[in-house]
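# Coordinate analysis (summary)
Listed below, chain by chain, are the residues.
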Amino acid sequence: MINKIYLNQDAIRGIKKELDTKKFVMLDEFFNKNFYSSLNKEISNGKFSKREIFDRYSFFETSNKKFENFFIAPQFVEFLEEILGTKIKTINFSARKFQHGNYTLLHDSEKSDGKIEFIFFMTNSWDEKFGGSVFYPGKREPLIVNPMKNRFFIFKGKSRKFVKYVNNLAGKKNFILIGGKINAPR
Amino acid sequence: MNIKKFSKPFKTILIENFLDIKDAMKIFSELKKEKFELKESDLFKFKQTKDLQFSKNKILRNFYSFLEKDFQKNAETFFGKKLSGKIDFAGTLYEKTDYLLPHDDRLESRKIAYIYYLSSLGKNDGGELVFYSSKNNIPIKISKRNFPKFNSIILFEVSKKSFHSVSEILKNKKRYSITGWLH
């Protein structure tokens, strides 16, 4: 399922080192083509319903939990455990679709829960000028993760995040953001 | 001058033909000479000048003085709020894809928000000021849309209920205004 370029021991050591030093790592072309295609089919067939609280967020979410099976496969969990150097207890998932007019905002009442989290993007084509980038505000510069087909991103920091407003340049295009919060000892 | 008052979703006053048209044109012309810088966060993307009460431009400073002296008294009467005299006063420019997402404006000592429009935009342009009705201090529904009209000013009280936004500019149009708060 995972692209084999990420599975040899040298690659895993490199990813682990990067994660330990930078607190994040971004892996493109993460799953192999067949697996991505199956996952995309499963997600795309699910019904997405609008979730909106105007001063907090606006996006679509699926209640179809079948996609979670793809992410609790032994190979994926073992990969995570190797790069994180820890055993994983559970993962809390969400699958959200963003299109023109969608966003999430930082909110005073919301604090970082300090959990390690990952993001996986699914989209046919996306341009950062459409918005939709995930921002982790920092003391100086924010960490920005742009949606890209088959991009996997894992974050060990403690910052909160927001998804930038998707503007009308996106037209009818959208992306799906699969989020995972990992319950594991640090 | 045409004055409209609203109490829902929160206390608002809209004044059309606010200034003599020649004065409005002068202010607009001078405002465009100011430097606008991109401001961006989770909540907004637009361009803004520095606080113009200290501008070298006399016409803009005169407009600030008018708001500070004469206009503020009327605002105090209408809103029934005692104001401190402090006014924030900056030029704001929204261009294509710029926006301001829903929020209530509550910060520090802000009491009344104002927007003096120096552009007119239509229904398909975007850029309208959107007001939300709220329940338990959570915005639940779009209640009103105010389309920018040149030389009109809109003021509303800042409170736990004053949820509003500026919708994204959809066309290649510029939405100029002078905005700020009476404290």
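Check the entry above for the structure.
Predicted model only: the values in this text are computed from it and were never measured.

## Quick look at helix α2 (residues 33-45) of chain A
Residues and elements named next belong to chain A. Counted at 1.5 Å a residue, the expected span for α2 with its 13 residues is 18 Å, and the 18 Å between its end C-alpha atoms agrees. Here α2 has its buried residues at Phe35, Tyr36, Leu39 and Ile43. Viewed end-on, α2 has its buried residues packed into an arc of 95°, placing them on one side of the element. With respect to the buried face of α2, the exposed residues turned more than 90 degrees away are Lys33, Asn34, Lys41 and Asn45. Those residues of α2 hidden inside the fold are in contact with β2 (48-53), α3 (68-71), β4 (90-98), β6 (116-122) and β11 (175-183).

## Looking at the sheet that holds strand β10 (residues 162-163) of chain A
All names here are of chain A. The antiparallel open sheet is built from 3 strands, whose spatial order is β8-β7-β10. In this open sheet, the two edge strands, each paired with only one partner strand, are β8 (143-145) and β10. As paired elements, strand β7 (residues 134-136) and β10 share 2 bridges and run antiparallel to each other. Looking at the pairing, Val134 lines up with Val163 of β10.

## Points about the interface of chain A and chain B
Quite often, the size of an interface is put as the accessible area lost when its parts meet. Tallying the contact residues gives 14 residues for chain A and 19 residues for chain B. In total, about 1300 Å² of surface goes out of reach between chain A and chain B, with carbon and sulfur atoms giving 66% of it. If you look at where chain A meets chain B, you find 1 salt bridge. Here the residues of the side of chain A that touches chain B sort into 9 nonpolar, 3 polar and 2 charged.

Scoring rules and cut-offs
Residues numbered from 1 in each chain as written. Chains lettered and ligands numbered in written order. Predicted model: local features only at pLDDT ≥ 70, side-chain atom pairs only at ≥ 80, totals over all residues. Heavy atoms only, no water. Helix = DSSP H or I, 4+ residues; strand = E, 2+ residues; numbered from the N terminus. Expected span 1.5 Å × (residues − 1). Buried < 20%, exposed > 50% of the residue type's maximum accessible area, 1.4 Å probe, protein only. Arc of directions from axis to C-beta. Contact = heavy atoms within 4.5 Å. Pairing = 2+ DSSP bridges. Buried area = accessible area lost by both parts, 1.4 Å probe. Salt bridge = Lys/Arg side-chain N within 4 Å of Asp/Glu carboxyl O. Nonpolar A, V, L, I, M, F, W, Y, C, P; charged D, E, K, R; others polar.

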